[in-house]
Amino acid sequence: MSYKNILIEIDEDNIVTLTVNRPKAYNAINRETMNEIGDFFLNGYKEIKVILGVVVTGAGDKAFVAGADIKAFLDLDNEGAATLSREGHIAYNAIENFHKPVIAAVNGFSLGGGCELAMACHMRVAGAKAKFGLPEVSLGIIPGYGGTQRLIQLIGKGKAFELTLTGDMIGAEEAHKLGLANHVVKQGEEVTKAKSILMKTADKGPIAIAKAISTMNTYFNKSQNGFELESVEFGNLAATADFKEGAGAFIEKRKANFKGK
Ligand code: CO8
């Protein structure tokens, strides 16, 4: 298990902390990072003898994860972007279906693919300065790593539509009120709180924990069609001039001028 963009640490209580480690890019997730996250939850974890649970967090004091790396999917065509979206689904579904509890310690910006990462975890602990949002429509695309499905599951249709269609960013308290964050803690205490929740599972039956996770997940798994549609539409949108304009505007630090094409 050797990764470039994520750090894996194990403490004396057998809690694994996975840190997305690209602080200069606000921990934005490029393909390599996504594949490393997926690899850990599908294979890499097997190298660790005992795991009580996993805390997922971001390096530095600014961001949890500020999204998919916009610069990395700028040049993808329709099929390429849809494929990248599907790779994200595989990685994030592996988190959702992990047999041990996984908690996001949201220590800053949690936007787009970063908010989707937090939502794939079983629970979320937000630092007081955390910001959540799905700003993809500002770039001329839609959430592509499960966000069109998981935000509705967590906060209900009305608020999910509002947040997704406006691209609004919300703070930790609002996220807590909506049920997006399980807890809000003082900035810097997210990992400690996440670990204290995991410690409450330490004396519980490990098979029961695993089965509770897999059984509860079936509630949301009536069909995968929503995810597939998301990938197809993500691919379509990534091929539009509007997306080139939206991403270009972000990189050039200016306002986007969408033409609807
Ligand atoms: N991708 C790439 N680089 C990023 C990203 C990102 N998502 N977010 C921040 N960065 C970089 C910036 O480019 C900047 O780098 P540099 O110093 O080299 O210019 C550095 O991080 C710091 O960012 P800012 O200077 O912008 O910092 P601010 O404090 O002024 O602003 C924000 C912080 C508000 C977080 C701002 O950076 C921002 O708006 N970032 C983009 C947020 C966003 O739109 N996220 C959604 C991306 S799209 C997405 O996630 C789609 C998911 C599905 C993908 C499906 C498959 C392809």
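Scoring rules and cut-offs
Residues numbered from 1 in each chain as written. Predicted model: local features only at pLDDT ≥ 70, side-chain atom pairs only at ≥ 80, totals over all residues. Heavy atoms only, no water. Axes fitted to C-alpha atoms, helices over the stretch in contact; angles between N-to-C directions. Helix = DSSP H or I, 4+ residues; strand = E, 2+ residues; numbered from the N terminus. Parallel < 35°, antiparallel > 145°, perpendicular 65-115°, else oblique. Contact = heavy atoms within 4.5 Å. Phe/Tyr/Trp six-rings, centres within 6.5 Å; stacked < 30°, edge-to-face > 60°. Buried < 20%, exposed > 50% of the residue type's maximum accessible area, 1.4 Å probe, protein only. Near = heavy atom within 4 Å. Polar contact = N/O pair within 3.5 Å; in protein donor to acceptor, adjacent residues only side chain to side chain. Areas by Shrake-Rupley, 256 points an atom, 1.4 Å probe, with all protein chains shown as cover. Pairing = 2+ DSSP bridges.

Caption draft 1: Structural detail: the packing of helix 2 (residues 78–96) against helix 3 (residues 113–120). At their nearest, the axes of helix 2 and helix 3 sit 8 Å apart, and the two run at 30° to each other. Of the possible angle classes, the one that applies to helix 2 and helix 3 is roughly parallel. Residues Tyr92, Ile95 and Glu96 of helix 2 pack against Gly113, Glu116, Leu117 and Ala120 of helix 3.

Caption draft 2: Inspection of the packing of aromatic side chains at higher detail. Within this structure, the stated rule accounts for 8 aromatic pairs. Each ring, one from Tyr92 and one from Tyr145, has its centre 5.6 Å from the other, and the planes form 65°; the classification is edge-to-face. You can see Tyr92 sitting in helix 2 and its partner Tyr145 sitting in the loop between strand 8 (131–133) and helix 4 (147–155), a full 53 residues away along the chain. The class of Tyr145 is buried, set by a relative accessible area of 6%. Pairing Tyr219 with Phe220 gives two aromatic rings, centres 5.1 Å apart and planes at 90°, and the pair type is edge-to-face.

Caption draft 3: Structural context of the site of the ligand. Around the ligand lies a shell of 26 residues, among which Ala66, Ala68, Ile70, Lys71 and Gly113 are the nearest. Side-chain polar atom of Tyr26 to an oxygen atom of the ligand: 3.2 Å apart, as the coordinates give it. For the ligand, a nitrogen atom lies 2.9 Å from a polar atom in the backbone of Ala66. Relative to its unbound accessible area of 1100 Å², the ligand is 75% covered by the protein chains. Listing elements by their share of the shell around the ligand, those giving two or more residues are helix 2, strand 6 (109–111) and helix 3.

Caption draft 4: Quick peek at the sheet that holds strand 8. Pairing is mixed across the open sheet formed by 4 strands, whose spatial order is 4-6-8-9. Taken across any chain shown, the strands that pair with only one partner, and hence form the sheet edges, are strand 4 (63–65) and strand 9 (169–171). Strand-to-strand twist across the sheet, computed as the mean angle between neighbouring axes with direction ignored, equals 20°. Sheet topology note: the strand 8/strand 9 ladder contains 3 bridges and is antiparallel. Across the sheet, Phe132 pairs through a bridge with Ile170, a residue of strand 9.

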